[in-house]
Amino acid sequence: MITTENILASARKTILSESQSIAKLADFLDENFISATQSIYNTAGRLVVTGIGKSAIIAQKMVATFNSTGTPSLFLHASEAIHGDLGMIKNDDVIICISKSGNSPEIKVLVPLLKRFGNTLIAITGNTFSFLAKGSDFVLNTTVTSEACPNNLAPTNSTTAQLVMGDALAVCLMEMRDFKPEDFAVYHPGGALGKKLLLKVKDMLEHSLKPMVTPDASIKKVIFEISEKRLGVTAVVDQHKVIGIITDGDIRRMLNERDNFTDLTAKDIMTKNPKMTSSEAMVVEAFNIMEDFSITQLVVVDHGEYKGVLHIHDILKEGIL
């Protein structure tokens, strides 16, 4: 009978089995890994990654990782290669071929064709005595004792090992290239990650919503400005210089403390020396300032000139953090 305990036990067994297989990979690293990494790093061409079946899916993920970390890569499906796709390979390309057995029919057909072009061939295989291994320049050993599959059939441990070996290559190449966050951003301009790495404060400023009042503005004028610009704040500007801010919280506190405010002006209730940032600052840096000082708005100023207000809600709306 299937019970909740059996389900959890099976899941734990799978995870432990795969983690043990991965741990053993460290013992397989040798001069082949060094030479393979150096070949990829030094090539004037691209990295082509090929495989069949589940290994082909792993190859596609590797290509995505390599491309996003500075190693131009292409995916070549092993079965399609012999039907015209070999044409994508150039003379200077380095090729990685992934196969657990290294002896599948498609691989046996493909390997001689790849070697015919004189390209460097790197095998990622669980069989170091296979046809693929013998035909390759460098062999990266991803042998696993067994699969996590209860029938020892479905690729589980073996494909995880392949994936981890690809990640090891990618990370080594990143370090060799001194690949930095700003480099990463170039390849990830979209989505939350790209925004976090690339988006500047100036990209988020809505210049049509630039709340400001003079120091002698009436409280009625202040309230109107905050309400109209819908940012929950207004800057107090004197001779083009920001001298303070007034938030809707300041207004509420004033109303709680006073019955009559007709004699008050903006300078009477403003917060002096507000926290500021520049329009060239990264949005993530501005957010960190807000967090450090437990505030929700930042005044944006460039060389003393008031540019607008950045609100934390706008940052959160972008899904950056």
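Keep in mind that this is a model prediction, so the values were computed, not measured. (Residues numbered from 1 in each chain as written. Predicted model: local features only at pLDDT ≥ 70, side-chain atom pairs only at ≥ 80, totals over all residues. Heavy atoms only, no water.)

Draft legend 1. Just the sheet that holds strand β8 (residues 241–247), in detail. Pairing is mixed in the open sheet, where 4 strands are placed in the order β6-β7-β8-β9. Where the open sheet ends on each side, the last strands, each with one partner, are β6 (212–213) and β9 (271–272). Bridge count for strand β7 (residues 233–238) against β8 is 6 bridges, and the pairing is antiparallel. Its bridge partner being in β8, A235 is matched across the sheet by I245. Of the strands in this sheet, β8 and β9 are in contact with helix α11 (residues 248–257), which crosses β8 at around 60 degrees. (Pairing = 2+ DSSP bridges. Helix = DSSP H or I, 4+ residues; strand = E, 2+ residues; numbered from the N terminus. Contact = heavy atoms within 4.5 Å. Axes fitted to C-alpha atoms, helices over the stretch in contact; angles between N-to-C directions.)

Draft legend 2. Representation of the side chain of S136 within the structure. Tracing the backbone shows S136 in the loop between α6 (131–135) and β5 (138–141). Its relative accessible area of 13% is what places S136 among the buried residues. Once you skip the residues sitting within four places of it in the chain, S136 turns out to touch L121, I122 and A123. (Buried < 20%, exposed > 50% of the residue type's maximum accessible area, 1.4 Å probe, protein only.)

Draft legend 3. Inspection of helix α2 (residues 31–42) at higher detail. Between its first and last C-alpha atoms α2 spans 16 Å; for 12 residues at 1.5 Å apiece the expected length is 16 Å, and the two agree. Of the residues making up α2, those classed as buried are F33, A36, T37, S39 and I40. Looking straight down α2, one finds its buried side chains confined to an arc of 160 degrees; they lie on one side. Across from the buried face of α2, at angles greater than 90 degrees, the exposed residues are E31 and N42. Tucked inside the fold, the buried residues of α2 contact β1 (47–51), β3 (94–99), β4 (120–125), β5 and α7 (157–176). For α2, the N-terminal capping position is held by D30, with its side-chain oxygen 2.9 Å away from the main-chain nitrogen of N32. (Expected span 1.5 Å × (residues − 1). Arc of directions from axis to C-beta. Polar contact = N/O pair within 3.5 Å; in protein donor to acceptor, adjacent residues only side chain to side chain.)

Purely geometric stuff here, so don't read any function into it on its own.
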